[in-house]
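So the chains spell out like this:
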Amino acid sequence: MRFIIGGMLVSSFAILGDIFKPKSFAGLFGAAPSVALATLGLTVAREGRWYAATEARSMIAGAVAFFVYAWWVSWVMMRYKWKALAVTTSSIVIWMGTAFGLWYLFLR
Amino acid sequence: MKIQVNLSAIAETRWYEYAARFLFGGSITAIAGIIAKEYGPVIGGLFLAFPAIFPASATLIEKHEKEQKERVGLRGTKRAADTVSADASGAAIGSIGLTVFAVLVWRALPYYPAWVVLTGATMAWLAVSVLLWELRKRL
């Protein structure tokens, strides 16, 4: 269930990202709340509102980590012109480091 | 630069590229659920803002830009990297909107119906993201 709803929502926002120009505007849809929408609705139904609200509080740290990640990818691609797949996948460690760093400092 | 809608881009994307996005999106949503179940909502919630589809999208943008340039006899490596960079800068702005989405859901969800909160927070994500994009363009 989660897989299908998540796949559909993420694909839908990705299509929106495809059709808009310029690319800096289309990029907004790369940070759409697609996974959150797919997850939170089901979480409310199964675990209740407070549980889902706790997930949303942690999501703030994840979103800040997303900002750092996307800014870093943008800078590296502009500066070094490396392969997109290599930069975007290796930089996931930046997201992980920032997200878990914020968790350790504020949410633990 | 004005915002434009290019519907022909839908036809340029191949079926397996749509399938890859569906798989990535579905997988991270399922994994986020498993992590929340295993480690609790505090850790699980972090993954609601995981850049799940970003590598796949960036790779597709790079591929399409290169193909366009190669059709006219150019390599397109630099242009492709610049386009991916622009897309990522847009995602950075969108992630500020995503932060606003998360704050609204965190504060409002315990008190209001879920569909109202999620719809309102999604509208807020879009409004904040577009507003910040416009502001950045003008600076």
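Please refer to the structure higher up on the page.
The sections below set out a description of the structure shown in this document. (Residues numbered from 1 in each chain as written. Chains lettered and ligands numbered in written order. Predicted model: local features only at pLDDT ≥ 70, side-chain atom pairs only at ≥ 80, totals over all residues. Heavy atoms only, no water.)

As for unusual backbone geometry
All names here are of chain A.
- Pro-22 follows Lys-21 through a cis peptide bond whose omega is 0 degrees.
- By the secondary structure assignment, Pro-22 is in the loop between strand E1 (20–21) and helix H2 (23–26).
- A positive phi angle is found at Lys-81, which is not glycine, with a value near 55 degrees.
- Structurally, the position occupied by Lys-81 is in the loop between helix H4 (49–80) and helix H5 (84–90).
- For Lys-81, a relative accessible area of 25% corresponds to the partly exposed category. (Helix = DSSP H or I, 4+ residues; strand = E, 2+ residues; numbered from the N terminus. Buried < 20%, exposed > 50% of the residue type's maximum accessible area, 1.4 Å probe, protein only.)

So, the interface of chain B and chain A
- With 80 residues of chain B at the interface, the matching set in chain A holds 73 residues.
- Of the roughly 6,900 Å² buried between chain B and chain A, counting both surfaces, carbon and sulfur atoms make up 77%.
- Counting every contact that joins chain B to chain A gives two salt bridges.
- At the junction of chain B and chain A, the tally comes to 15 residue pairs in polar contact (both at pLDDT 80 or more).
- For the side of chain B that touches chain A, the secondary-structure elements that each account for two or more residues are strand E1 (4–5), helix H1 (8–12), helix H2 (15–39), helix H3 (41–46), helix H4 (54–71), helix H5 (77–108) and helix H6 (114–138) of chain B.
- Ranked by the residues each element gives to the side of chain B that touches chain A, the list is headed by H5(B), at 24 residues.
- Relative to E1(B), E1(A) runs antiparallel, the two being bridged by two bridges. When the sheet's bridge partners are listed, Phe20(A) is paired in E1(B) with Val5(B). (Contact = heavy atoms within 4.5 Å. Buried area = accessible area lost by both parts, 1.4 Å probe. Salt bridge = Lys/Arg side-chain N within 4 Å of Asp/Glu carboxyl O. Polar contact = N/O pair within 3.5 Å; in protein donor to acceptor, adjacent residues only side chain to side chain. Pairing = 2+ DSSP bridges.)

Observations regarding the packing of H2(B) against H4(B)
Residues and elements named next belong to chain B.
- As a packed pair, H2 and H4 sit with axes 10 Å apart at the nearest point and diverge in direction by 165 degrees. One way to sum up the angle between H2 and H4 is to call them roughly antiparallel. The interaxial crossing formed by H2 with H4 has left-handed handedness. Between H2 and H4, the residues in contact are Tyr-16, Glu-17, Arg-21 and Phe-24 and Ala-56, Ser-57, Leu-60, Lys-63 and His-64, respectively. (Axes fitted to C-alpha atoms, helices over the stretch in contact; angles between N-to-C directions. Parallel < 35°, antiparallel > 145°, perpendicular 65-115°, else oblique. Left-handed = near helix turned anticlockwise from the far one by under 90°.)

A few points about the nonpolar core
- Membership of the largest hydrophobic core comes to 69 residues, with the highest contact counts inside it found for Trp95(A), Phe101(B) and Val105(B).
- When residues of this core are assigned to their parent elements, the largest contribution, 14 residues, is made by H4(A). (Core = buried A, V, L, I, M, F, W, Y, C linked by side-chain atoms within 4.5 Å.)

A few points about a nonpolar patch on the surface
- The grouping of Phe67(A), Trp71(A), Trp72(A), Trp75(A), Tyr80(A), Trp82(A) and Ile96(B) at the surface amounts to a nonpolar patch, some 720 Å² of accessible area in total.
- Mapped onto the elements, Phe67(A) comes out in helix H4. (Patch = residues over 30% accessible without salt bridge, like charges linked within 9 Å, V, L, I, M, F, W, Y side chains within 5 Å. Areas by Shrake-Rupley, 256 points an atom, 1.4 Å probe, with all protein chains shown as cover.)

A look at the packing of aromatic side chains
- This model, assessed by the stated rule, comprises 20 aromatic pairs over all chains.
- With 5.3 Å between their ring centres and 75 degrees between their planes, Phe20(A) and Phe25(A) make a pair best called edge-to-face.
- Its relative accessible area of 16% is what places Phe20(A) among the buried residues.
- Through pairs of rings, three or more aromatic residues link up here, namely Phe13(A), Phe20(A), Phe25(A), Phe29(A), Trp125(B) and Trp133(B).
- The side chain of Arg108(A) reaches across the aromatic face of Tyr104(A), ending 3.8 Å from its centre.
- We note Arg107(B) situated over the ring of Trp106(B); from NZ or CZ to the ring centre the distance is 4.8 Å. (Phe/Tyr/Trp six-rings, centres within 6.5 Å; stacked < 30°, edge-to-face > 60°. Lys NZ or Arg CZ within 6 Å of the ring centre and 35° of its normal.)

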